[in-house]
Amino acid sequence: MKVALVYAEYENMTDEIREVNPNADRIMKNMLSSIKEALEYSNHEVFEIPANIDMMRNIMEIEDLDVIFIHYDPLENLKLQGNVFAALELLGIPIVGSGMLAQATALSKETANLILASHGLPIVKSQILFAKDDELKEELKESFPLFVKPESEAVSVGIRRDSYVENEEELANTLDRIFSEVNPPIIVEEFLPGREFTVGVLEDMGEVKALEVTEITFDKESGVSFRTKDVVKNKWTIKTTPAKIDEELELEMKYLAIKSFKAMNCDTYARIDIRLNADGEPYIMEINTMPGLSKSSSPYVLEAKASGIEYEELIDKLVKSAYHKGADNKKLGIGKF
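As annotated in an unreviewed UniProt entry, the chain carries the name ATP-grasp domain-containing protein and comes from Anaerococcus cruorum. Its UniProt record gives the chain the following Sequence similarities (unreviewed entry) comment, quoted word for word: "Belongs to the D-alanine--D-alanine ligase family."

Peer 1: Teacher, can you tell me more about the pairing of strand 12 (residues 269-276) here?
Peer 2: A regular strand places its side chains so that they alternate between the two faces of the sheet. The element strand 12 is largely enclosed, with a buried count of 8 among its 8 residues. With burial as the criterion, each face of strand 12 is covered, one bearing Tyr-269, Arg-271, Asp-273 and Arg-275 and the other bearing Ala-270, Ile-272, Ile-274 and Leu-276. Both strand 12 and strand 13 (residues 282-288) contribute to a ladder of 6 bridges, which runs antiparallel. Among the inter-strand pairings, Arg-275 is bridged to a residue of strand 13, identified as Tyr-283. If you look at the hairpin formed by strand 12 and strand 13, you'll find 5 residues sitting between the two strands, and Gly-280 has a positive phi there, around 80°.

Peer 1: Mind showing me how you'd approach empty space enclosed by the protein here?
Peer 2: Taking a probe equal in size to a water molecule and rolling it over the atoms shows the remaining empty space. Applying the stated criterion across every chain yields a total of 2 cavities of 30 Å³ or more. By volume, the largest cavity is sized at about 40 Å³. Every residue along the wall of the largest cavity is listed here: Ala-106, Lys-109, Ala-112, Asn-113, Leu-116, Ile-284, Met-285, Glu-286 and Ile-287. Residue assignment for the lining of the largest cavity shows that the elements contributing at least two residues are helix 6 (109-118) and strand 13.

Peer 1: Can you walk me through the pattern of salt bridges in this structure?
Peer 2: Pairing of side chains with opposite charge becomes possible as their charged atoms draw close. Inspection of every chain in the model, using the stated rule, returns 21 salt bridges. Between Asp-176 and Lys-132 there is a salt bridge whose closest N-O contact spans 3.2 Å. In this pair, Asp-176 is assigned in helix 8 (residues 168-181) and Lys-132 in the loop between strand 5 (126-129) and helix 7 (138-141), connecting sequence segments 44 residues apart. On the accessibility criterion, Lys-132 (49% relative accessible area) is partly exposed. Put simply, Asp-267 and Lys-325 hold a salt bridge, and the shortest N to O gap is 2.4 Å. In this pair, Asp-267 is assigned in the loop between helix 10 (247-263) and strand 12 and Lys-325 in helix 12 (residues 311-326), connecting sequence segments 58 residues apart. Among the charged side chains, a network of salt bridges with common partners joins Arg-160, Asp-162, Arg-177 and Glu-181.

Peer 1: What exactly am I supposed to notice about the side chain of Glu-151 here?
Peer 2: The residue Glu-151 is located in the loop between strand 6 (146-150) and strand 7 (164-165) in this model. A relative accessible area of 4% means that Glu-151 is categorised as buried. A distance of 2.7 Å separates polar atoms of two side chains, one belonging to Glu-151 and the other to Ser-108. A distance of 2.9 Å separates a polar atom in the side chain of Glu-151 from the backbone nitrogen of Glu-110.

Peer 1: I keep staring at the side chain of Glu-110 and nothing clicks. Help me out?
Peer 2: Among the structural elements, Glu-110 can be located in helix 6. Of the buried charged residues, Glu-110 lacks a salt bridge, with Lys-137 as the closest side chain of opposite charge at 5.4 Å. A polar contact of 3.0 Å, which involves the side chain of Glu-110, links it to the side chain of Ser-126. Sequence-distant contacts of Glu-110, defined by excluding residues within four places in its chain, comprise Ser-126, Gln-127, Ile-128, Glu-151 and Ile-187.

Peer 1: Whenever I open this one, the nonpolar core confuses me. Can you help?
Peer 2: Proteins that are soluble and globular tend to have nonpolar side chains buried together. With 47 residues, the main nonpolar core has Ile-68, Phe-69, Leu-88 and Leu-293 as its most contacted residues. In this structure, Leu-88 is in contact with Val-6, Met-55, Met-56, Ile-59, Ile-68, Ile-70 and Ile-95, ignoring residues within four places of it in sequence.

Rules of the game
- Residues numbered from 1 in each chain as written.
- Predicted model: local features only at pLDDT ≥ 70, side-chain atom pairs only at ≥ 80, totals over all residues.
- Heavy atoms only, no water.
- UniProt positions renumbered as here; feature names shortened; annotations may be inferred.
- Buried < 20%, exposed > 50% of the residue type's maximum accessible area, 1.4 Å probe, protein only.
- Helix = DSSP H or I, 4+ residues; strand = E, 2+ residues; numbered from the N terminus.
- Pairing = 2+ DSSP bridges.
- 1 Å grid on protein atoms, 1.4 Å probe; cavity = no way out; pocket = protein on both sides within 12 Å on 5 of 7 lines; lining within 4 Å.
- Points joined across faces, edges and corners; volume = space filled by probe spheres on them.
- Salt bridge = Lys/Arg side-chain N within 4 Å of Asp/Glu carboxyl O.
- Polar contact = N/O pair within 3.5 Å; in protein donor to acceptor, adjacent residues only side chain to side chain.
- Lys, Arg positive; Asp, Glu negative; His and termini not counted.
- Contact = heavy atoms within 4.5 Å.
- Core = buried A, V, L, I, M, F, W, Y, C linked by side-chain atoms within 4.5 Å.

Laid out in structure tokens, this is it:
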């Protein structure tokens, strides 16, 4: 097949972006290389397309293109992610991954929480704040410790040690800091003290299935039990795949992952982050509609391998599943919206 590989331009990343999102350029470059090699291993013809103002025209110039494989993790503003998917959807060509609606709603943690709750899925108490002096809801005032993070960012952008707060004074200090670093809104949520897991979901030729579960733990050197910018930068996470858990918890988390995938209207693949409360009960923390595909370190890839799917086979499955699902859709005239 002819595959357009769309990616975020990683060259010449500014110091300002590197301060907020360390290693983003290196990660994107390595991931792009791995995906391209895997596609070529399966005899796909690959066309690398940077996500910029010329993206649409460059794609339209590829004759008889079959699939768009987009791994666009915007280095400057994650909210742009949905915009790029929306533009590509106009072409009517099968896309690997979820569409614009799922991308946008999943990136908004509060919106995702509302959707998940409507499907009866377990979520934590939370509130979005647009200014640091917004009044906190009473139910959260009674739920310390709390956790503070950007409402629409990923890779631990804006999250530091002080994101964990035990009282209103600490909360006020952290809000001062985080509002100075990232754009509003900010989300404040109940902190869950239990173990952390992530579960990949794969839509394989129409069949939705959960991959093996990964447990995320943290190096003692990090001094925290959650992902911060420093944890990501210094690689202080430890991934155990498959997780060492009993069968009941494993099946419950896989069920929650699949149900979340469907509730958010995801396509092809996604990864669901889960954390346990003090009683060992799982709660949905985040839906990642475009999980990392680094060959050696991404949890989704590790989970696929533990499920018996090697990297090259995984990438090939993503392409063929997307093509299978979108091949019968009527294509728009190229360049005619």
